[in-house]
Protein chains: 2
Amino acid sequence: MSDVAEGRSRRSRGGGGAARRAERSAVSFETAKYIERNIPNLEVLDDEALSIIEYNAETILEEIGVNFPENPGALALWKEAGADIQGDRVRIPRGLARELCKTAPSKFTQHARNPERSVEIGGKNLVLAPVYGPPFVRDAGGRRYATMEDFNKFVKLGYMSKWLHHSGGTVCEPTDVPVNKRHLDMLLAHMTLSDKPFMGSVTEPSRAQDSVEMCEILFGKEFVQNNTVMTSLININSPLTFDSIMMGALEVYAKNNQACIISPFIVGGAMAPVTVAGTLTQVAAETLAGVAYSQLVRKGAPVIMGAFVTSIDMNSGAPTFGTPEAALITYGTGQLARRMNLPYRSAGSFCGSKLPDAQAAYETANSLNMGLMAGVNFMLHSCGWLEGGLVADFEKFVMDADQLGALHGLAKGIDMTENGQAMDAIREVGPGGHYLGCAHTQANFKTAFWRTELLDYKPFETWDEEGGRDTRQLASSRVDKMLSQYQQPMLDPIIEQKLRAFVQEKKDSMPDSFSS
Amino acid sequence: MSDVAEGRSRRSRGGGGAARRAERSAVSFETAKYIERNIPNLEVLDDEALSIIEYNAETILEEIGVNFPENPGALALWKEAGADIQGDRVRIPRGLARELCKTAPSKFTQHARNPERSVEIGGKNLVLAPVYGPPFVRDAGGRRYATMEDFNKFVKLGYMSKWLHHSGGTVCEPTDVPVNKRHLDMLLAHMTLSDKPFMGSVTEPSRAQDSVEMCEILFGKEFVQNNTVMTSLININSPLTFDSIMMGALEVYAKNNQACIISPFIVGGAMAPVTVAGTLTQVAAETLAGVAYSQLVRKGAPVIMGAFVTSIDMNSGAPTFGTPEAALITYGTGQLARRMNLPYRSAGSFCGSKLPDAQAAYETANSLNMGLMAGVNFMLHSCGWLEGGLVADFEKFVMDADQLGALHGLAKGIDMTENGQAMDAIREVGPGGHYLGCAHTQANFKTAFWRTELLDYKPFETWDEEGGRDTRQLASSRVDKMLSQYQQPMLDPIIEQKLRAFVQEKKDSMPDSFSS
């Protein structure tokens, strides 16, 4: 824990008798530390291929350029930095974007209000955050528009999920709250129902500003100016376009030293070329330009190089998930990010299935494994994603969250200590014996194997007598059980009161809008 | 195609008018070529760790030794080679097993009766074969004991599965046929209902001999003596024991130049130490001894170094699948196999689930991805495995077989040609455009993306109107459709008649036994 975090922790816990009572009665749910990989990444491109892609990416920036529409401030910054400006088009001389990117940190800490839940994003680490953005939810009762009540439930489940390090952002769209006010309720939920790190609003620059101000209440103004307490999602309008609203949000965050994921959103064959290498080239160009722009706004602002990439089904036009082409792009982008010395965001619990069935699980497992092996540092959408991202699914949320435990186990790598080598056990047991009772097994069995908290390992007869339940039914029970056991993490009541007052005041200051 | 295979092909196709008529009317189903990886393997162990494991493995062989019970012939061969024999125990001086293993080929061709379906096992290749061994089957109607009719259906499905290169062996146990006769019916099914390569019987040395003799009818005696036409599964009784029946089968196959997979069957924590490095050490010792023994029987006999490894649930004692520990062992064993310059068998559509549901798919996808990345050369059980291997599932067979297509796509790696780089497309489309209609997309879209033949990519409304089917229901329809479209591959009627006569004669020569 940093000294600053330690100081903040003491301060926020010192909020009077009510806070101390709250602290005493609060139940803390175990959260695993973010993954620190002890296994290598899979590298699918050799140095020559990487150099070609990087060269082509800079050719794109120099010859074709990128658009920054409706954003004279951005154009001015680019002009000053040495780019060629024609209308909205920014052409960036070879080498400039790469040079600008060098001031972005290779690793940063995103602080949580509970310092034990702070995460280090970058290096060999992997931080897992839940699904982001679906307008619908699904549970045992079916599919429907998401509400704020659903949102709160997801934040609670995320808080209670051992292998999830991050509370996320728009876990689902609370469609019953006006568009111009829902960011306030969402942030309040992350801040009060969980103590894990979270994301800020990006749908309007003023909402990014609200996010910063709410963080100033939660963490203290000085702390926020000196530390990163939000990581927010800035999508690039592929191909090669930087939307002024998204850039406006990025500007707010960068100026306030808050982190952004700068991420093309690509359905391959529609927003990028139909080939893997072509998509990688466009991703490289777009993220170079986007990260460079963040550094023009504020040198040293923390950013994550992102890539959200799916394939397209050329028959139906539907985006497809868990495909080999998306995997290859994810591996390749990881290599590009490491050469740029930037944290990397990609992968997730991606699937196209309408139900949390076998299709969903194949596609998701393909994508989660790929994310671990590709060296992803921040995995948004790591649980709960369904139906191409249209649906946040309660059952799949706990199913995926359980599988995230397997990633933790795999990332540990192989223990080569003497205890790991187990020669004494092999000597003790000998040919034809068995290991169940031997001393080494007894000493190690509790920690030797990752164990699911959801999946079924029972004998067939027991399983059959208990109703022969499939994974969805097991997951549905687990959702109900977790929500019934939820307890709110301690928060200084004075801070909570200030947050609620801020939200109420903001809401009262403007009419409802359900359009934007 | 080798000259020999070419010659055989001409011969077998020259079997008179009936054969020519059969050839004209036969429908050929497309089968992909075995996977030739254009991506690297994931290497989780460094050289130092590998050297420790190898050193420890030889310590086991030298100090603890391995058992070859009820097998005086094996003990004599070992003694002659320089091992120390005490009772059934064989202690192998450091360096000896490794030296003996050097005569095993690093790669071999297993010929199919259709030369286009022959496979190269070793190097960067991956050959996919179906599930092996389950006494039960499951379909839309539920779980029941497997019959010969089920077996035939699985062979037909395997023959029609594009991404499956191999017909396998005991795809399920036909429990309605006497144990001492079922190998004959199973081989006849592989030989007549499919034209893909297959496996021989290992349940008795005499049944291995029957397998060889049936191949001599199918391929010609001389061809079988000079070429490998079967790859059969020889399990080691872990820890460190080489069962005389299995070794008897190995002896028959090795003497006849037929391939064996020499494979420990390990539930970690029961048949091997509870730690990953300890299990790897035991696997290394057991496969060193087993492969060395195959070379004592016949120098140069083709073998595959295998590892069937699962974890154990320490609460229930049930084997568990798709776990991180099994993955790490699979990665590590791949590295050991490559250092021994041997083909490697591991992974599969492993799962513990009772149903082809999300649990089954997560576990299976974890295991299939791991198999590809671990450098596996021969993947038995690559489709259809359910319930810890107790059940061969029809729906899961086609679900997994479809996912095997994704492995083919991933293994292709990234096309770095000018067409792959797609710079013309990026120039054509420019910022804010879209790629769907551009020339490059039109020229490439048919081959750009792997496409499932099973999973659902339809819009929600269409899917909902069509009944909102889950993956199991889609798979059940696909099974029925495939079986209704099945057509037998061409086979010279004279050969088929000889095979049937052999089977009948063998069956008539002995009383039924349902026990062994």
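All of these numbers come straight from a predicted model, not from anything done at the bench. (Residues numbered from 1 in each chain as written. Chains lettered and ligands numbered in written order. Predicted model: local features only at pLDDT ≥ 70, side-chain atom pairs only at ≥ 80, totals over all residues. Heavy atoms only, no water.)

1. Re the overall build of chain A
Step number 1: In terms of helices and strands, chain A carries 20 helices and 18 strands.
Step number 2: The C-alpha radius of gyration of chain A comes to 24 Å, within 12% of the 24 Å expected for a compact globule of 516 residues.
Step number 3: C-alpha extents for chain A along the principal axes are approximately 75 × 60 × 50 Å.
Step number 4: Classification of the 516 residues of chain A by burial places 66% in the buried group.
Step number 5: Restricting the contact set of chain A to residue pairs at least 6 apart, pairs at least 24 apart contribute 77%.
Step number 6: If you sum the accessible surface of chain A, you get close to 17500 Å²; carbon and sulfur atoms cover 48% of it.
Step number 7: Averaging the positions of the 51 positive and the 61 negative side-chain charges in chain A gives two centres separated by 5 Å. (Helix = DSSP H or I, 4+ residues; strand = E, 2+ residues; numbered from the N terminus. Rg over C-alpha atoms; globule rule 2.2 N^0.38 Å. Buried < 20%, exposed > 50% of the residue type's maximum accessible area, 1.4 Å probe, protein only. Contact = heavy atoms within 4.5 Å. Areas by Shrake-Rupley, 256 points an atom, 1.4 Å probe, with all protein chains shown as cover. Lys, Arg positive; Asp, Glu negative; His and termini not counted. Charge placed at Lys NZ, Arg CZ, Asp CG, Glu CD.)

2. Comments concerning the sheet that holds strand β3 (residues 84-86) of chain A
Sheets are built from strands paired through backbone hydrogen bonds, the pairs being either parallel or antiparallel.
Step number 1: The strand order β2-β4-β3 (chain A) describes an open sheet built from three strands, whose pairing is antiparallel. The strands lining the two open edges of the sheet, one partner per strand, are β2 (66-67) and β3 of chain A. (Pairing = 2+ DSSP bridges.)

3. Some remarks on the sheet that holds strand β8 (residues 136-139) of chain A
Residue and element names in this part refer to chain A.
Step number 1: Here four strands make up an open sheet; going across it, the order is β9-β8-β18-β17 and the pairing mixed. The open sheet has two free edges, formed respectively by β9 (142-145) and β17 (385-386), since each of these has just one partner strand.
Step number 2: Two elements, β17 and strand β18 (residues 391-393), share two bridges in a ladder whose sense is antiparallel. The partner of tryptophan 385 across the bridge, within β18, is alanine 392.
Step number 3: Where helix α14 (residues 394-411) meets the sheet, it contacts β8, β9, β17 and β18, and its direction lies at approximately 65° from that of β18. (Axes fitted to C-alpha atoms, helices over the stretch in contact; angles between N-to-C directions.)

4. A look at unusual backbone geometry
Step number 1: Of note, the amide linkage connecting Ser238(A) to Pro239(A) takes the cis form, showing an omega dihedral of 0°.
Step number 2: On the secondary structure map, Pro239(A) appears in the loop between β10 (231-236) and α10 (244-255).
Step number 3: Residues other than glycine seldom take positive phi values, yet His381(A) does so here, at roughly 65°.
Step number 4: Mapping His381(A) onto the fold places it in the loop between β16 (378-379) and β17.
Step number 5: Classification of His381(A) by relative accessible area gives buried; the value is 4%.
Step number 6: One non-glycine residue, Ala347(B), lies in positive phi territory at about 65°.
Step number 7: Note on placement: Ala347(B) falls in the loop between β15 (344-345) and α13 (358-373).

5. Looking at the environment of Thr228(B)
Residue and element names in this part refer to chain B.
Step number 1: Relative to the helices and strands, threonine 228 is located in the loop between α9 (221-226) and β10 (231-236).
Step number 2: C-alpha of threonine 228 to C-alpha of proline 324: the two residues are 96 residues apart in sequence and 35 Å apart in space.
Step number 3: With near-sequence residues (within four places) excluded, threonine 228 lies in contact with Phe108, Thr109, Gln110, His111, Asn257, Gln258, Ala259 and Pro302.
Step number 4: Only 3.0 Å separates the side chain of threonine 228 from the backbone oxygen of asparagine 257, close enough to count as a polar contact. (Polar contact = N/O pair within 3.5 Å; in protein donor to acceptor, adjacent residues only side chain to side chain.)

6. As for the packing of aromatic side chains
Step number 1: For the structure shown, the criterion picks out 34 aromatic pairs over all chains.
Step number 2: Pairing Trp78(A) with Tyr293(A) gives two aromatic rings, centres 6.4 Å apart and planes at 25°, and the pair type is stacked. You can see Trp78(A) sitting in helix α4 (residues 72-81) and its partner Tyr293(A) sitting in helix α11 (residues 276-297), a full 215 residues away along the chain.
Step number 3: Residue classification places Tyr293(A) among the buried residues on the basis of a relative accessible area of 1%.
Step number 4: Between the aromatic rings of Phe219(B) and Phe223(B), the centroid separation amounts to 5.9 Å while the plane-to-plane angle is 10°, which identifies the pairing as stacked. Assigned by exposure class, Phe219(B) and Phe223(B) land together as buried.
Step number 5: These aromatic residues form a ring-pair network of at least three members: Phe265(A), Phe308(A), Phe321(A), Phe350(A) and Trp385(A). (Phe/Tyr/Trp six-rings, centres within 6.5 Å; stacked < 30°, edge-to-face > 60°.)

7. Here's the deal with the interface of chain B and chain A
Step number 1: Counting residues at the interface gives 112 residues for chain B, matched by 113 residues for chain A.
Step number 2: A combined buried area of about 9200 Å² lies between chain B and chain A, and 69% of that area is made up of carbon and sulfur atoms.
Step number 3: Joining chain B to chain A, the criterion identifies six salt bridges.
Step number 4: Residues Asp313(A) and Arg451(B) are paired through a salt bridge, measuring 2.5 Å at the closest nitrogen-oxygen approach.
Step number 5: Residues of the side of chain B that touches chain A, tallied by class, amount to 56 nonpolar, 37 polar and 19 charged. (Buried area = accessible area lost by both parts, 1.4 Å probe. Salt bridge = Lys/Arg side-chain N within 4 Å of Asp/Glu carboxyl O. Nonpolar A, V, L, I, M, F, W, Y, C, P; charged D, E, K, R; others polar.)

8. A closer look at the pairing of strand β12 (residues 303-306) of chain B
Residue and element names in this part refer to chain B.
Step number 1: Taking every second residue as pointing to the same face, both faces of β12 are buried, with Val303 and Met305 on one and Ile304 and Gly306 on the other.
Step number 2: Note: strand β11 (residues 259-267) against β12, three bridges, orientation parallel. Across the sheet, residue cysteine 260 finds its bridge partner in β12, namely valine 303.
Step number 3: Read as a crossover between parallel neighbours, the route from β11 over helix α11 (residues 276-297) to β12 is right-handed. (Right-handed = clockwise from strand over helix to strand, strands pointing away.)

9. A closer look at the pattern of salt bridges
Step number 1: Inspection of every chain in the model, using the stated rule, returns 46 salt bridges over all chains.
Step number 2: We note a salt bridge from Arg427(B) to Glu63(A), for which the minimum N-O separation is 2.6 Å. Note that Arg427(B) is positioned in helix α16 (residues 423-429) and Glu63(A) in helix α3 (residues 47-64), a pairing that runs across two chains.
Step number 3: For Arg427(B), a relative accessible area of 41% corresponds to the partly exposed category.
Step number 4: Two residues, Arg144(B) and Asp150(B), come together in a salt bridge whose shortest N-O distance is 2.6 Å.
Step number 5: By relative accessible area, which is 33% here, Arg144(B) ends up partly exposed.
Step number 6: Here the residues in one salt-bridge network are Asp47(A), Glu54(A) and Arg339(A), joined through shared partners.

10. Considerations on the state of the cysteines
All names here are of chain B.
Step number 1: Scanning the model with the defined rule gives zero disulfides over all chains in all.
Step number 2: The thiol sulfur of cysteine 215 is not disulfide-bonded, and the nearest other cysteine sulfur, from cysteine 260, lies at 12 Å.
Step number 3: Judged by relative accessible area, cysteine 215 falls into the buried class, the value being 0%. (Disulfide = S-S within 2.5 Å.)

11. Quick look at the side chain of Thr231(B)
Residues and elements named next belong to chain B.
Step number 1: For threonine 231, the position within the fold is in strand β10.
Step number 2: Exposure remark for threonine 231: the relative accessible area of 0% places this residue in the buried category.
Step number 3: A polar contact of 2.8 Å, which involves the side chain of threonine 231, links it to the side chain of glutamine 110.
Step number 4: Beyond its immediate stretch of four places on either side in the chain, threonine 231 contacts Phe108, Gln110, Ile121, Phe198, Met199, Gly200, Ala259, Ile261 and Ile304.

12. Focus on the environment of Lys506(B)
Residues and elements named next belong to chain B.
Step number 1: The topology assignment puts lysine 506 in helix α20 (residues 493-508).
Step number 2: For lysine 506 and alanine 301, which are 205 residues apart along the polypeptide, the C-alpha to C-alpha distance reads 28 Å.
Step number 3: Residues in contact with lysine 506, not counting those within four places in the same chain, are Leu184 and Asp210.
Step number 4: Side-chain polar atoms of lysine 506 contact the side chain of aspartate 210, separated by 3.2 Å.

13. Regarding the confidence of the model for chain A
Residue and element names in this part refer to chain A.
Step number 1: Put simply, chain A has an average pLDDT of 94, and 95% of its residues get 70 or more.
Step number 2: This stretch, residues 1-15, has a pLDDT under 50; its non-local contacts, to residues over four places away or in other chains, come to 24 contacts.
Step number 3: The complex model carries a pTM of 0.95, and its ipTM stands at 0.94. (pLDDT = per-residue confidence, 0-100.)

14. Things to note about helix α14 (residues 394-411) of chain B
Residue and element names in this part refer to chain B.
Step number 1: Look at α14: 26 Å from first C-alpha to last across 18 residues, which is about the 26 Å you get at 1.5 Å a residue.
Step number 2: By the criterion of burial, α14 is predominantly enclosed, with 18 of the 18 residues buried.
Step number 3: Where α14 begins, one side-chain oxygen reaches toward the backbone nitrogen of glutamate 395, 3.0 Å away; that side chain belongs to aspartate 393.
Step number 4: One or two positions beyond α14, positive phi appears at glycine 413, with a value near 70°. (Expected span 1.5 Å × (residues − 1).)

15. Considering the packing of helix α8 (residues 205-219) of chain A against helix α20 (residues 493-508) of chain A
Residue and element names in this part refer to chain A.
Step number 1: Running from N to C, α8 and α20 point in directions that differ by 160°, and their axes come no closer than 9 Å. As summarised for this structure, α8 and α20 are arranged roughly antiparallel, according to the angle between their axes. The element α8 and its partner α20 pack so that their crossing is right-handed. Of the residues in α20, those touching α8 at Asp210, Glu213, Met214, Ile217 and Leu218 are Ile495, Lys498, Leu499, Phe502, Val503 and Lys506. (Parallel < 35°, antiparallel > 145°, perpendicular 65-115°, else oblique. Left-handed = near helix turned anticlockwise from the far one by under 90°.)

16. Regarding the relation of the copies chain B and chain A
Step number 1: Laying chain B over chain A is done by rotating through 180° and shifting 0.0 Å along the axis; what remains is an RMSD of 0.0 Å. This pairing of chains is accounted for by a two-fold axis. If distances are taken from each C-alpha of chain B to the rotation axis, the shortest is found for Ala358(B), at 2.1 Å.
Step number 2: A share of 100% of interface residues in chain B that are also interface residues in chain A marks the association as one of identical surfaces. (Least-squares fit on C-alpha atoms with pLDDT ≥ 70 in both.)

17. So, the side chain of Asn180(B)
Step number 1: Its location among the elements puts Asn180(B) in the loop between α6 (148-160) and α7 (182-193).
Step number 2: Setting aside anything within four residues of it in sequence, one finds Asn180(B) in contact with Arg207(B), Met510(B), Pro511(B), Asp512(B), Ser513(B) and Ser516(B).

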